Amino acid sequence: MSHRAGFVSIIGKPNAGKSTLMNALVGEKMSIITPKAQTTRHRILGIVNTDDYQVVFSDTPGIIKPHYALHESMMHQVQGSIVDADLILLMTDINEQHEEEDVMRRLESSLAPVVVLINKIDQSDPETVKQKVDYWNEKLKPLAVFAISALKFPNTQHLLEFIVEQMPEHPAYYEKDALTDRNDRFFASEMIREQVFKQYKKEIPYSTEVVITAFKEEENIYRISAEIIVERESQKNIIIGQGGSMLKIVGTYARRSMEEFYQKKIFLEMFVKVIDDWRSKKNYLKKFGYED
Ligand code: GDP
Ligand code: K
Ligand code: MG
C-alpha cells in the first residue's frame, strides 16, 4: 500500500480548544492548555504516525489583532502554518459569537481544503449544533463540518480517519518515531509558563516569558534551571509572592507536570528577572525563539 503524509494546520480564535484537540489527536500533552487566551505562543508540531501514514499537525496561537511585536510573531506563525497546510482545520467554539472575519481573511492565502470543527458541543444542545453545522456549510462550503468536544469526547478516531483520507501520497517528512519538532527544553519552559497562566491574574501571564538556562539529564533525575522573565519590578514581586509563596506553588505544579511528562524525578530551580518591555523588543523576541 502507498504511504500518505501531509501537514494539517489547526487554526481559530483564542480558546476555541485547538491545543486540547491537538493533544487528543497525538495522545500526548504537546501543548499547554489554560482557560486564558494567548496561552499558545508558538506553532507546535504534533505528529501522528502509523506504518501507512504520517500526519503532521500544527497547533497555532489564536488569531488576534497584534498589539505587540510578540503578537506579530505569533500571527506570522499562524500564517506560516496556513501556507504549508495540505488541510486546514478551522476550529470554532459553539458558544462564541465571534464574526471570525479575521480568520476567514487568513484563509485567503491558501488553496488547501478546509474542515470546520465546531467544538465544545458538550456545552450545547442538538438544535444549536444543527444550526451551526448548517451555518458553516453555507458560509464556507467546507470539505466537511464536524461537531466535536475535544475535551469531553476525546475519541478522535473518526476525525483522524477523515483527515488521513485527505493526505497526499508522500513519504514521511519526519522520523517515524517523532512526536514533535520541539525539544525537552521547550516543553520544560512551557510547563512553567502553563503554571504562570494558571496562578496569576491580570497582565502577569501575558508579560511573562520562561527561559531554560540549564537542563542536565542524569540517570535518575533531571536538573532544570529556569528564568521567569517579566517586564516590571512590581511584576517580579507578584511572581515571587509573600516570602516566596507564589513561586513555590508554581514550582511545585510545574515539577509535577515535568515528572509525569519525562517520567523522571525533577529538580527545578527558578529565578525571576526583569527585562523592560521585552514583548516589544525584537532582539529579545529572537533570543526567546519567536521568529519574525
Ligand atoms: P486554544 O486557545 O484554542 O488552544 O484552547 P485550549 O485548548 O487552550 O482550551 C481553552 C479552554 O477551553 C480550556 O479551559 C479547555 O479545557 C476548554 N475546552 C477545550 N475543549 C473543550 C470542549 O470540548 N468542551 C469544553 N467544555 N471545554 C473545552
Ligand atoms: K487557551
Ligand atoms: Mg492553544
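Definitions and cut-offs
Residues numbered from 1 in each chain as written. Chains lettered and ligands numbered in written order. Predicted model: local features only at pLDDT ≥ 70, side-chain atom pairs only at ≥ 80, totals over all residues. UniProt positions renumbered as here; feature names shortened; annotations may be inferred. Helix = DSSP H or I, 4+ residues; strand = E, 2+ residues; numbered from the N terminus. Rg over C-alpha atoms; globule rule 2.2 N^0.38 Å. Buried ≥ 20, exposed ≤ 12 C-beta atoms within 10 Å, placed from the backbone. Contact = placed C-beta atoms within 7 Å. Pairing = 2+ DSSP bridges. Axes fitted to C-alpha atoms, helices over the stretch in contact; angles between N-to-C directions. Near = placed C-beta within 6 Å.

The name given to the protein in an unreviewed UniProt entry is GTPase Era, with Mucilaginibacter mali as the source organism. What the UniProt record of the protein gives under Sequence similarities (unreviewed entry) is the line "Belongs to the TRAFAC class TrmE-Era-EngA-EngB-Septin-like GTPase superfamily. Era GTPase family." Under the UniProt heading Function (unreviewed entry), the note attached to the protein is "An essential GTPase that binds both GDP and GTP, with rapid nucleotide exchange. Plays a role in 16S rRNA processing and 30S ribosomal subunit biogenesis and possibly also in cell cycle regulation and energy metabolism."

To continue, consider the overall build of the protein. Helix and strand content of the protein: nine helices and nine strands. Its C-alpha radius of gyration of 20 Å places the protein within 12% of the 19 Å reference for a compact globule of 292 residues. Expressed as lengths along the three principal axes of its C-alpha atoms, the size of the protein is roughly 55 × 40 × 35 Å. By residue count, 38% of the 292 residues in the protein fall in the buried class. Here the contacts in the protein between residues at least 6 apart in sequence split such that 71% fall between residues at least 24 apart.

Overall, mixed pairing links the three strands, which are arranged β7-β8-β9 in an open sheet. Unpaired on one side and paired on the other, β7 (209–217) and β9 (265–274) mark the two borders of the sheet. Averaged over all neighbouring strand pairs, the angle between strand axes comes to 20°, with direction disregarded. Note: strand β8 (residues 221–230) against β9, ten bridges, orientation parallel. In the sheet register, Glu227 faces β9, and the bridge partner there is Phe271. The strands touched by helix α6 (residues 184–199) are β7 and β8; relative to β7, the strand with the most contacts, the crossing angle is about 135°.

Once that is clear, we can look at the site of ligand 1. Residues in close proximity to ligand 1 total 20 residues, the closest being Gly17, Lys18, Ser19, Thr20 and Leu151. The dominant element in the shell around ligand 1, judged by the number of residues it contributes, is helix α1 (residues 18–26), at three residues.

What follows covers the pairing of strand β3 (residues 53–59). The buried fraction of β3 amounts to seven of the seven residues, a majority that puts the element mostly inside the structure. Where burial is concerned, the two faces of β3 agree: the one with Tyr53, Val55, Phe57 and Asp59 and the one with Gln54, Val56 and Ser58 are both buried. Relative to β3, strand β1 (residues 4–12) runs parallel, the two sharing seven bridges. Residue pairing across strands places Val8 opposite Phe57, the latter belonging to β3. In this structure, strand β2 (residues 44–49) lies alongside β3, joined through six bridges in antiparallel fashion. Residue pairing in the sheet places Leu45 in a bridge with Ser58 of β3. Hairpin connection between β2 and β3: a loop of three residues separates the two successive antiparallel strands.

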